[in-house]
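This is what each chain is made of:
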Amino acid sequence: MSAPEGDKIDKLINPIESYPPAPEFVAGTSIPENLRERAAADRLGFWAEQARELEWSKPFTEVLDWSNPPFARWFADGELNVAVNCVDRHVAAGRGDKVAIHWIGEPGDTRTITYADLHREVQRAANLLEKLGVRAGDVVTLYLPMIPETVFAMLACARIGATHSVIFGGFSASAIRSRVENSGAKLVITANGSNRKGRVFPLKETVDEALAEPGHPVEQVLVVQRAEHEVDMVEGRDLWWHEQLEGVSDSHEAKGFPAEHPLFILHTSGTTGVPKGLWHSSGGYLAQTAFTFRTSFDQREDDVFWCSADVGWVTGHSYIVYGPLANGATQIMYEGAHDFPSLDRWFEIIEEYGVTAFYTAPTAIRGYMKSGREIPQRHDLSSLRLLGSVGEPINPEAWEWFREVIGSNRTPIVDTWWQTETGAHMIAPIATQDALKPGSGQKPVPGISVEVITEQGERVNPGEMGLLTITEPWPSMARGIWGDDQRFIDTYWSQFPGRYFAGDGAGVDLDGDLWLLGRVDDVMNVSGHRLSTTEIESVLVDHELVAESAVVGAEDETTGQAVVSFVVLKDSQREAAASIDVEAELRGHVAKRIGAIARPRAVYPVAELPKTRSGKIMRRLLKNVAEGKPAGDTSTLTDASVMDAITEQVRARG
Ligand code: WTA
């Protein structure tokens, strides 16, 4: 852990221009004026009120049980069905004809799915899962593209009380293998391929590779036909989704499950080599995702919302599936890449569908800043009324550009800070009430208690930076790490007793507003995706050429951070290494073992790693050099000349 740093520091003490809400933006909002005050006055009452917006088959009488921290139980004696809340109740309320999802395939095919359609499809999928023997409490793994079936499958799991474990479609076979083993899934749902940049990404083959060796829990693989792509079907294990749906009834009676029933597991990188399977509840999770969706994005009945994340990340879970659908919203779901067939694609979609709220990551914004404002500007983006940012710190320049170029100098930008562990937004401005500051997350969500503290656990003063902690339990908090309660305690709750430590640094400005500064631990953030330095290091030393490795997240103009690795090759392998392109080999190895998102930007084979006398690798020095800066203080190293040699090597590469 090291003290936070960032380009926002001067903003903490210097007054900056802010953007008060425009009267025409505020008109017609349903966000109550005094939300924060009400929540502060009665936090539990406030959350109970939010939870009562959901439909409960058995109303709860308890709000929070915090008798066994850090394992919270919210609304625990209540029962509800999450799928009913996301689908059936809207149909029952006469909104069956409202569009739930405007789905757009990368090749240009489209589907319009109303709430009535969604109702039918989710019921069919629920019947299908039950036909295959899936029961409440079972885990189902999903390795799927951004297609409607993914949403149907997630909601079908929720409907029957099965716990889904979605694996992002860019992850590798070994990542699937470890996640499937960790969650104990008996069924995997995948597709014969996904469309990505005009090509087919072979999802099914990757699942086959993951399951090739025995010793895993998977018994069946259900395959959605999506891409133009032939796949082998394993006899007795693999089934086609469309064939299995034949003759299945489209009516399914849903029953309620306890609020604390596990809705999903989602694996995320941590500070050790092994990904953590965070698991979330049903009632508390849905209450907070639904509340934050309508509040952070100031939802209106006619809005067309679009979250550009992949459903395989928590952002997709909370703000493509559960948050929007719980509110009966209309949204866009786009299968493919933002730059296929050209960089105009996103803006064409915004224009064609009249998107009103667009939620994306700073990496994408910075990418467009680089490509040039003429790309968004050749489209009519006047339907947009609000923009959102998530996943990584947004620099003030990118914030201003987002507002000016994409938001026509008019739209508010809401920067939302949260994590896989928090389930839903934790820090975000209320766009109808706050004067927005470029680059600041501003205030905790109503009902959330945040404190920025020093390493000694003392609250920082206005104008200072520190570590971001959460001091009170919240409804959508992860309930644990699947199968490893102790790791949950150790990872998040042990540094500062009684508080959740997020692993992020933050500053507090003179007005008390929060500025998010990124990770302070060994987690990197590349294009808004979390990667663990330790995990990549252990994959590298698993390669036969490599004796030691050190990985750092180096600042990158577009992706926020980039993976840069330094390796020491085994003496015994020097000859073998001389005959191949070591860098290409190792970059490929990481991509194959974890996924393309983890592929290092550079791999430097070095003679030695910089170590202190106690043998600790000084990653900070490597990070400085990888960022083109001077290495810094090398006086604690056993041998300072090691760093000189590395600096030379990195400079020579340019
Ligand atoms: C980072 C994504 C600054 C942060 C929702 C956090 C952010 C990690 C922001 C969680 C933001 C997310 N400003 N940093 N608005 N949002 N982060 O679990 O470092 O994929 O700890 O959840 O992303 O990443 P995760």
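Let me begin by describing the structure that accompanies this report. Everything numeric here is computed off the predicted structure, so don't read it as measured data.

1. Let's talk about the overall build of the protein
Along the backbone of the protein there are 21 helices and 30 strands. Relative to the globule expectation of 26 Å for 654 residues, the C-alpha radius of gyration of the protein, 24 Å, shows essentially globular dimensions. Counting only C-alpha atoms and orienting by the principal axes, one finds that the protein spans roughly 75 × 65 × 55 Å. Counting only residues that meet the buried cut, the protein has 61% of its 654 residues in that class.

2. A short note on the packing of helix α4 (residues 82–95) against helix α5 (residues 115–131)
One can describe the packing of α4 onto α5 by two numbers: an axis separation of 9 Å at closest approach and a directional angle of 135°. When the interaxial angle is binned, α4 and α5 end up oblique. By crossing handedness, the relation of α4 to α5 is classed as left-handed. Every residue of α5 that contacts α4 at A83, C86, V87, D88, H90, V91 and R95 is listed here: Y115, A116, L118, H119 and V122.

3. What to know about the sheet that holds strand β22 (residues 465–470)
Strand order in the open sheet formed by four strands is β21-β22-β24-β25, with antiparallel pairing between adjacent strands. Two strands in the sheet have a free side with no partner beyond their single neighbour: β21 (450–453) and β25 (514–519). Strand-to-strand twist in this sheet, taken as the mean axis angle between neighbours without regard to direction, amounts to 45°.

4. Regarding the nonpolar core
The biggest cluster of nonpolar side chains holds 152 residues, and the ones touching the most others in it are F75, L118, L155, I189, Y322 and I536. Per element, the largest residue contribution to this core is nine residues, and it comes from helix α6 (residues 148–160).

5. Section: the site of the ligand
Around the ligand, the structure places 17 residues, and the nearest of them are T416, T420, D504, R519 and R530. Contact between the ligand and P393: a nitrogen atom at 3.4 Å from a main-chain N or O atom of the residue. With respect to the ligand, the side chain of R519 contributes an N or O atom lying 2.7 Å from an oxygen atom. Put simply, the parts of the chain that give the shell around the ligand at least two residues each are α11 (314–326), β20 (413–416) and β25. For the shell around the ligand, the class distribution of residues is six nonpolar, six polar and five charged.

6. Observations regarding the sheet that holds strand β14 (residues 264–268)
Spatially, β12-β11-β8-β6-β7-β14-β15-β23 is the arrangement adopted by the eight strands of the open sheet, whose pairing is mixed. For this open sheet the edge positions go to β12 (238–240) and β23 (480–481), each flanked by a neighbour on one side alone. Bridging between β14 and strand β15 (residues 276–280) involves five bridges; their strand directions are antiparallel. Paired with T268 across the two strands is K276, which belongs to β15. Against the sheet, helix α8 (residues 203–211) engages β6 (139–143), β8 (187–191), β11 (220–224) and β12, with an angle of about 150° to β8.

7. Topic: α8
Looking only at α8, the buried set comprises L203, K204, T206, V207, A210 and L211. The arc enclosing the buried residues of α8, seen along the axis, measures out at 160°, which places them on a common side.

8. Considering helix α13 (residues 362–371)
All of the buried residues along α13 are P362, T363, A364, I365, R366 and Y368. For α13, the elements touching its buried residues are α12 (345–353), β18 (357–360), α14 (374–377), β19 (386–390), α15 (396–406) and β29 (560–569). Backbone geometry just downstream of α13 places G372 in the positive-phi region, at approximately 115°.

9. Some words on the side chain of N395
Within the secondary structure, N395 is located in the loop between β19 and α15. A distance of 3.1 Å separates polar atoms of two side chains, one belonging to N395 and the other to R366.

10. Points about the pattern of salt bridges
Counted according to the given criterion, the structure contains 45 salt bridges. With a shortest N-O distance of 2.9 Å, E209 and K592 are connected by a salt bridge. Placement of the pair is E209 in helix α8 and K592 in helix α19 (residues 582–593), with a sequence separation of 383 residues. Classification of K592 as exposed rests on a relative accessible area of 52%. Among the salt bridges present, the one from K623 reaches E627, with a minimum N-O distance of 2.9 Å. Each member of the pair, K623 as well as E627, is classed as buried. Within the structure, one salt-bridge network assembled from shared partners comprises K437, K443, D509, D511 and D513.

11. Brief notes about the packing of helix α17 (residues 533–541) against α19
Between α17 and α19, the least distance of the axes is 10 Å, while the angle of their chain directions is 115°. The handedness of the crossing between α17 and α19 is right-handed. When α17 is examined against α19, the residues I536, V539 and L540 are found in contact with a partner set consisting of L586, H589, V590 and R593. Grouping the constituent residues of the contact of α17 with α19 by class yields five nonpolar, one polar and one charged.

12. Here's the deal with a negative patch on the surface
On the surface, a cluster of negative charge is made up of E348, E351, E352 and D380. Along the chain, E348 falls in helix α12.

13. Remarks on the environment of E33
Structurally, the position occupied by E33 is in the loop between α1 (23–26) and α2 (35–41). Taking C-alpha positions, E33 is 41 Å from Q486, a pair spaced 453 residues apart along the chain.

14. Some details on the pairing of β20
Of the two faces of β20, both are covered, the one formed by I413 and D415 as well as the one formed by V414 and T416. Alignment of β19 against β20, held across four bridges, turns out to be parallel. Its bridge partner lying in β20, S389 is registered against D415. In the classification by handedness, the crossover that spans β19, the intervening α15 and the parallel β20 is right-handed.

15. As for the packing of aromatic side chains
What the rule picks out here adds up to 37 aromatic pairs. A ring pair is formed by F46 and F291, whose centres lie 5.3 Å apart and whose planes are at 85°; its orientation type is edge-to-face. Taken as a pair, F46 in helix α3 (residues 43–51) and F291 in helix α10 (residues 283–296) lie far apart in primary sequence, 245 residues in all. Residue F46 shares its accessibility class with F291, and that shared class is buried. Ring geometry for F496 against F501: centres 5.6 Å apart, planes inclined by 85°, an arrangement best described as edge-to-face. Residue classification places F496 among the buried positions, given a relative accessible area of 7%.

The rules we used
- Residues take numbers from 1 onward in each chain, read along the sequence in its written order.
- Under the rules for a predicted model, residues below a pLDDT of 70 receive no local features and side-chain atom pairs below 80 are neither given nor counted, while totals for whole chains, interfaces and linings still include all residues.
- Water and hydrogen atoms play no part in the side-chain values, which are based on all heavy atoms of the structure.
- Helix numbers and strand numbers start at the N terminus; a helix is a DSSP run of H or I with at least 4 residues, a strand a run of E with at least 2.
- Atoms counted for the radius of gyration: C-alpha only. Globule rule: 2.2 Å times residue count to the power 0.38.
- Note on exposure labels: buried denotes an accessible area under 20% of the residue type's maximum, exposed denotes more than 50%, and partly exposed covers the range between, all computed with a 1.4 Å probe on protein chains only.
- What counts as an axis is a line fitted to C-alpha atoms, over the stretch in contact for a helix, and the angles between N-to-C directions run from 0 to 180 degrees.
- Oblique is the label for any angle not covered by the other classes, which are roughly parallel (under 35 degrees), roughly antiparallel (over 145) and roughly perpendicular (65 to 115).
- For a crossing to be left-handed, the near helix must be turned anticlockwise from the far one by less than a right angle; the clockwise case is right-handed.
- Note on contacts: a residue pair qualifies if any of its non-hydrogen atoms lie within 4.5 Å across the two residues.
- One requirement defines pairing of two strands: DSSP has to find at least two bridges between them.
- Residue types Ala, Val, Leu, Ile, Met, Phe, Trp, Tyr and Cys, when buried and joined through side-chain atoms within 4.5 Å, form a set referred to as a nonpolar core.
- Only a single heavy atom is needed: when it lies within 4 Å of a molecule or strand, its residue is near that molecule or strand.
- Think of a polar contact as two N or O atoms within 3.5 Å of one another; within protein, one of them needs to be a possible hydrogen donor and the other a possible acceptor, and neighboring residues in sequence only count if both atoms come from side chains.
- Under the grouping applied here, Gly and all other residues not named as nonpolar or charged are polar, the nonpolar ones being Ala, Val, Leu, Ile, Met, Phe, Trp, Tyr, Cys and Pro and the charged ones Asp, Glu, Lys and Arg.
- In this description, one arc is meant: the one made by directions from the helix axis to the C-beta atoms.
- What counts as a salt bridge is simple: a side-chain nitrogen of Lys or Arg found within 4 Å of a carboxyl oxygen of Asp or Glu.
- The patches reported here contain residues having more than 30% relative accessible area and no salt bridge. Joining distances are 9 Å for like charges and 5 Å for nonpolar side chains (Val, Leu, Ile, Met, Phe, Trp, Tyr).
- The protein chains shown are the only cover counted for residues, whose accessible areas, like all others here, come from Shrake-Rupley with a 1.4 Å probe.
- We score Asp and Glu as negative and Lys and Arg as positive, and we do not count His or the chain ends.
- Here the site of a charge means NZ on Lys, CZ on Arg, CG on Asp, or CD on Glu.
- Note on handedness: a clockwise path from strand one over the helix to strand two, with the strands aimed away from the viewer, defines a right-handed crossover.
- Pairing of aromatic side chains requires ring centres within 6.5 Å, counting the rings of Phe and Tyr and the six-membered ring of Trp. Pairs whose planes differ by under 30 degrees are stacked, by over 60 edge-to-face, and all others tilted.

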